[in-house]
Structures are given as structure tokens and as C-alpha cells.
Amino acid sequence: MRDRASALETAAATPSSTSSVMRISFGTITLPLYRTLAASDRYAAVQQRQFRIQPLRASIQWAQTYNPPMPFDSVLKIADANFPTRWGQFRILGFEGVVANPEPCNESLATPMKRVEAAVALVMGDIHSSPPLVRIHSQCLTGDVFHSLRCDCRQQLELAMGMIAEAGAGILLYEQQEGRGIGLMAKLRAYELQDQGFDTVEANEELGYKADCRVFELPAEMLKMLGVASVRLITNNPEKVAALESVGIEVVERVSAEVASEATFEKYLQVKRDKMGHIDDRQPERVPQRLSS
Ligand SMILES: [Zn+2]
């Protein structure tokens, strides 16, 4: 930060450089706004961000900008840093996509005109010389942090991290879409309903939500920004394969994300297979499934 500040001071003393002067103006204005974004009301932050998107586009020094087709107004790479983990050395990259006129997941709730989606990419090794292993993981506070045994999220996350580390290269895309996009509080209410006998799909629908609010457009755009055109996707969810292929990212292989079942989430896995079309890889001869050559 100090280095950047001194660089900005140097730039300020060099009025011939227009772009440097622009960086100063957004350096002083944008950073306080970004802290606000992390700390307070999301919708208000969306309004504030309108002031920072254009200046960010003016500078690609530390925030790369990509202008994909709808639904995103913009996708920004916000940060790129070293990230040592128990599985090995990654880079951690932060991305934000601004979605115009987001489709409501619950018709009874007000939908903002714009929504900011955030996601993280953990990148290990050489991801360009051959199609890398990729996992698109949706945030699950209860599973990822507390090791919940209501679902298999944590096990799938660890499986993917382990596979990437073993291969020496790969990308984990982590989307902040708690509860398949309905949010943490709604997910906990859905848990209450599940305790009363609803399954995971019925509970979401009882609360007015779609069974799955995710569309996986942001991870697809992130892969494009990372220069990755084909992947080996770790998933049992055909919708993730379709989402990537629909935007031109080739899934050369689907790698199973099947984890050992626990009695506490066997019913949850069964509902994912029966109602959400997830692929059943419990028969070993069915994995890995090559989708195209
Ligand atoms: Zn979970």
C-alpha cells in the first residue's frame, strides 16, 4: 500500500501523464467505497459502485476489466495475491460482476435494479498448456466452515482441492451463493422446514424460492478472463457443464465429484439425483465420463 501510495505521489508530480492522474483520483475515492461495500448494506453499495466502475475501466493497472455480453454490466478482477494453503501454493483472485436487471429468485421479494456478485478463484500451476481441472463451488457456510454433515459441500470442496493439488494445476471457483443462491437466512429457514419433513427442493419452494437460483455465469466469465477455453470439470451437476458450454468453454471431461455418503446427508444426495438431475457416480464403471474429444 505504501509503495502504491508513493507511486501515486510520483504520478501526481508528473502532470504530463493523464492516466496517472486518473489513477490518483480513483485511488483516493474508490478505496473508501470498497471498504463500505464489504461492511454495509449491499444495495446501497451497488449505488455507490456506479461511481467507481467507470474510473476502474480507465485503469487496468491493478483491476482488469472485461465487458462480456449480458447479463453483466461488467466483470472486474479486483485483486490477485499469493495464497499458501494446506494443499499447496495457490494464487487467490477476487472478481466482481455487476448484473443488470437480475432475474428474481423469489417473486415475493423486491429485486434491486442491479446486483453485485462476488467470487474467488484459487489458481494453482500452469492452467494454459492443457485443459485444467476446474471446480465451481458454491459457498456453504455450514459445510465449508462448520463441517456440517447435512450436506456434502465440505467433502466436495476438499476433494477438489486435493485433486488440483495432486495434478499440480487447476482452478477452484468459489461463488458466494449460499444455499444455492437463496442466502444464509433463507437456507437456515429451509433447514427448519427440512427438520419437519420437507426435502431440500420442497423447502426452497415452500419459502417462495426456485429450487436452484444459480446460473453459473460469473464463473464462466472468470474462466474467460483467466484465458481458459477448455476445462476438465469436477462436478456431478450437468447444469454446470451446460452453463460453461453455452458460453463457449469446452468441457473436455467431466470428473466425478462423488464423495462418500453419510447417513446424515444420504437423503439430500438422493434428492439431488432424483429432482435436480445430478449424475450418480456410485457405480465405478461410470467414471470418468468423457464428454467430447
Ligand atoms: Zn452445503
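Residues numbered from 1 in each chain as written. Predicted model: local features only at pLDDT ≥ 70, side-chain atom pairs only at ≥ 80, totals over all residues.

Peer 1: Before we move on, could you go through the overall build of the protein and cite the residues and values that matter?
Peer 2: In terms of regular secondary structure, the protein is built from 11 helices and 8 strands. Of all 293 residues assigned to the protein, the portion counted as buried reaches 29%. (Helix = DSSP H or I, 4+ residues; strand = E, 2+ residues; numbered from the N terminus. Buried ≥ 20, exposed ≤ 12 C-beta atoms within 10 Å, placed from the backbone.)

Peer 1: Report on the nonpolar core, specifying residues and quantitative values.
Peer 2: Core analysis: the largest hydrophobic core is formed by 41 residues, its most contacted members being Val134 and Leu173. Other than its neighbours up to four places away in sequence, Val134 contacts Gly170, Ile171, Leu173, Leu223, Val231, Arg232, Leu233 and Ile234. Ranked by size, the runner-up nonpolar core spans 7 residues in total, among them Cys105, Ile182, Ala186 and Cys213. (Core = buried A, V, L, I, M, F, W, Y, C linked by C-beta atoms within 7 Å. Contact = placed C-beta atoms within 7 Å.)

Peer 1: Describe the pairing of strand S4 (residues 114-124), listing the residues and the values that go with them.
Peer 2: Every regular strand shows the same layout, with side chains that alternate between the two sheet faces. Here strand S3 (residues 88-100) runs beside S4; their pairing, made up of 10 bridges, is antiparallel. By the bridge assignment for S4, Glu96 is matched with Ala118. With 6 bridges joining them, S4 and strand S6 (residues 170-175) adopt antiparallel strand pairing. The residue of S6 that forms the bridge with Ala121 is Leu173. (Pairing = 2+ DSSP bridges.)

Peer 1: Please set out the pairing of S6 residue by residue, giving values where relevant.
Peer 2: Within S6, 6 of the 6 residues are buried, which leaves the element mostly enclosed by the surrounding structure. Looking at chain direction, strand S5 (residues 133-138) and S6 are connected through 5 bridges and run parallel. Paired with Ile136 across the bridge in S6 is Leu173.

Peer 1: Residue-level account of the environment of Cys153, with values.
Peer 2: In this fold, Cys153 is placed in helix H5 (residues 153-167). With 20 C-beta atoms counted inside 10 Å, the residue Cys153 sits in the buried group. The sequence separation of Cys153 and Gln139 amounts to 14 residues, and the corresponding C-alpha distance is 8.4 Å. Ignoring anything within four residues of it in the chain, the contact list for Cys153 reads Cys140, Gly143 and Asp144.

Peer 1: Outline unusual backbone geometry, listing residues and values.
Peer 2: Backbone geometry at His147 places phi at a positive 60 degrees, although glycine is not the residue there. Of the residues examined, His147 has 11 C-beta atoms within 10 Å and is grouped as exposed. A positive phi angle, close to 55 degrees, is found at Arg180, a residue other than glycine. Along the polypeptide, Arg180 turns up in helix H6 (residues 178-181).

Peer 1: Summarise H5; cite the residues concerned and give the values.
Peer 2: Taking 1.5 Å of rise per residue, 15 residues should cover 21 Å, and H5 covers 21 Å from first to last C-alpha, within 8% of that figure. Listed in full, the buried residues belonging to H5 are Cys153, Gln156, Leu157, Ala160, Met161 and Ile164. Down the axis of H5, the buried side of the element spans an arc of 135 degrees, and every buried residue falls inside it. Tucked inside the fold, the buried residues of H5 contact S4, S5, helix H4 (141-145), S6 and strand S7 (230-234). (Expected span 1.5 Å × (residues − 1). Arc of directions from axis to C-beta.)

Peer 1: So what about the confidence of the model for the protein? Which residues, and what values?
Peer 2: Mean pLDDT over the protein: 76, with 72% of residues reaching 70 or higher. Of the regions scoring below 50 in pLDDT, residues 1-70 engages in 60 contacts with residues more than four places distant in sequence or in other chains. (pLDDT = per-residue confidence, 0-100.)

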